[in-house]
Amino acid sequence: MARIVILSDIHLSPTHGFFWDNWCVAREFANTAKADAVIVNGDLTINGPDSDFEIAFAASALGKLRTHALSLPGNHDVGDEPPGQDPDQIIDADRLARWNRSFATDRFNLDAGDWRLVGVNAQLFGSGLEREQAQDQWLDEQLRTAGRPTALFLHKPLFLERPTDDVVSPACMVPSVRTQLLDKLSRYGVRLIVSGHLHQHLDRTFGGQRHLWLPAVAFAAPQAHGGDGRCGVTVLDFSQDNVEVTIERPRGLISHDLAAIKGHGRYQFLRDMPPSPPPYAG
Ligand SMILES: [Fe+2]
Ligand SMILES: [Fe+2]
């Protein structure tokens, strides 16, 4: 048996502290959950693609976790792959270097109980960067040598409705790139694919492959995609041949309404909001 706690979309910032209290609740939960590891599944920050301070702040906050933590970047940390949500924040080498200065790596391989857990940088897929190819080769190697049930973790979901969708949307992976990745995952028999980004929980199986969407820690789903949009923390209990998924909503975790925070569209991005630093960011 192995227990993994996943905190997704925590969206921390030293200048915009809307979600700091939710982070404290989630951190406390993770610290007392008797987990073997904590995975932080992307969107650790609000304006990471343009702020050294912000990425360093998130890294320092994660230092307060008392369980081994594995962090993956999201679009709010290293930028989006093209075409992206925001043309001014597309992933590039400088943004990746900023992440690496605080987190050292943007991928992981963890053998937990009877399973192999592999985490990758979702934003590299379709980026055309050199590191995309390097990650691809590394992923092949991790899957090829697994010899046990395998789960993949990444920030963005591979698709919204079905694996054959052809809509290009910043909400999920670019279709042509996703087809190649799905082929690879099927070839190696990957059983579980875990993603964040949409801030909603949904658990579906297609062709024997389970696709689990995670709730966010920071704020409720801003767009409906068929899942439960309330905030939450996810616990995965891996046994020999199965994984049990539990969504926890510890007391004090508030499902913030993003539109209300942004003044119902008055500010396009959270980073445009007037500063409101977290009160006790320590
Ligand atoms: Fe997010
Ligand atoms: Fe995201």
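See the structure printed just above.
Residues numbered from 1 in each chain as written. Chains lettered and ligands numbered in written order. Predicted model: local features only at pLDDT ≥ 70, side-chain atom pairs only at ≥ 80, totals over all residues. Heavy atoms only, no water.

Draft legend 1. Representation of the overall build of the protein chain. Along its length, the protein chain carries seven helices and 11 strands. Seen through its C-alpha atoms, the protein chain measures out along the principal axes to roughly 50 × 40 × 35 Å. The buried share among the 282 residues of the protein chain stands at 56%. Sequence-distant contacts in the protein chain: of pairs separated by 6 or more residues, those separated by 24 or more amount to 69%. When the accessible surface of the protein chain is totalled, it reaches about 11900 Å², and 48% of it is carbon and sulfur. (Helix = DSSP H or I, 4+ residues; strand = E, 2+ residues; numbered from the N terminus. Buried < 20%, exposed > 50% of the residue type's maximum accessible area, 1.4 Å probe, protein only. Contact = heavy atoms within 4.5 Å. Areas by Shrake-Rupley, 256 points an atom, 1.4 Å probe, with all protein chains shown as cover.)

Draft legend 2. The sheet that holds strand β5 (residues 115-119), seen in detail. Strand order in this open sheet of six strands is β4-β5-β6-β7-β9-β8, and the pairing throughout is mixed. In the strand order of this sheet, the two ends are held by β4 (108-112) and β8 (202-206), each with one partner. Put simply, the sheet's adjacent strands are angled 20 degrees from each other on average, direction ignored. Of the strands in this sheet, β4, β5 and β6 (150-154) touch helix α5 (residues 130-144), which is tilted by about 175 degrees from β5. Running at roughly 125 degrees to strand β9 (residues 209-213), helix α6 (residues 175-187) makes contact with β6, β7 (192-195) and β9 of the sheet. (Pairing = 2+ DSSP bridges. Axes fitted to C-alpha atoms, helices over the stretch in contact; angles between N-to-C directions.)

Draft legend 3. View of the coordination of the iron ion (ligand 1). Listed as protein donors to the iron ion (ligand 1) are Asp9 (OD), His11 (NE2), Asp43 (OD) and His199 (NE2); their distances from the metal cover 2.1 to 2.3 Å. Taken together, the four donor atoms surrounding the iron ion (ligand 1) define angles of 86 to 170 degrees at the centre, an arrangement classified as irregular. Here the donor residues of the iron ion (ligand 1) share one chain and are spaced in sequence as D-x1-H-x31-D-x155-H. Taken as an interatomic distance, the gap from the iron ion (ligand 1) to the iron ion (ligand 2) is 3.7 Å; Asp43 donates to each of them. On the criterion of sequence distance, the pair formed by Asp9 in the loop between β1 (2-7) and α1 (20-31) and Asp43 in the loop between β2 (37-41) and α2 (52-62) is long-range, its members being 34 residues apart. (Donors = N, O, S within 2.8 Å, 3.2 Å for Na, K, Ca; no water. Tetrahedral: all angles 85-135°; square planar, octahedral: opposite > 155°, others 65-115°.)

Draft legend 4. Local environment of the pattern of salt bridges. A complete count under the given rule lists 18 salt bridges for this structure. Of the charged contacts, one joins Lys156 and Glu81 as a salt bridge, the two residues approaching to 3.1 Å between their closest N and O atoms. Of the two residues, Lys156 is situated in the loop between β6 and α6 and Glu81 in the loop between α3 (75-78) and α4 (93-103); the sequence distance between them amounts to 75 residues. Accessibility expressed as a relative area gives 2% for Glu81, which makes it buried. Between Asp228 and Arg249 there is a salt bridge whose closest N-O contact spans 3.5 Å. Here Arg249 lies in the loop between β11 (243-248) and α7 (258-261) and Asp228 lies in the loop between β9 and β10 (233-238), a separation of 21 residues in the sequence. Take Asp228: its relative accessible area is 26%, and that puts it in the partly exposed class. Given the relative accessible area of 33%, Arg249 is considered partly exposed. (Salt bridge = Lys/Arg side-chain N within 4 Å of Asp/Glu carboxyl O.)

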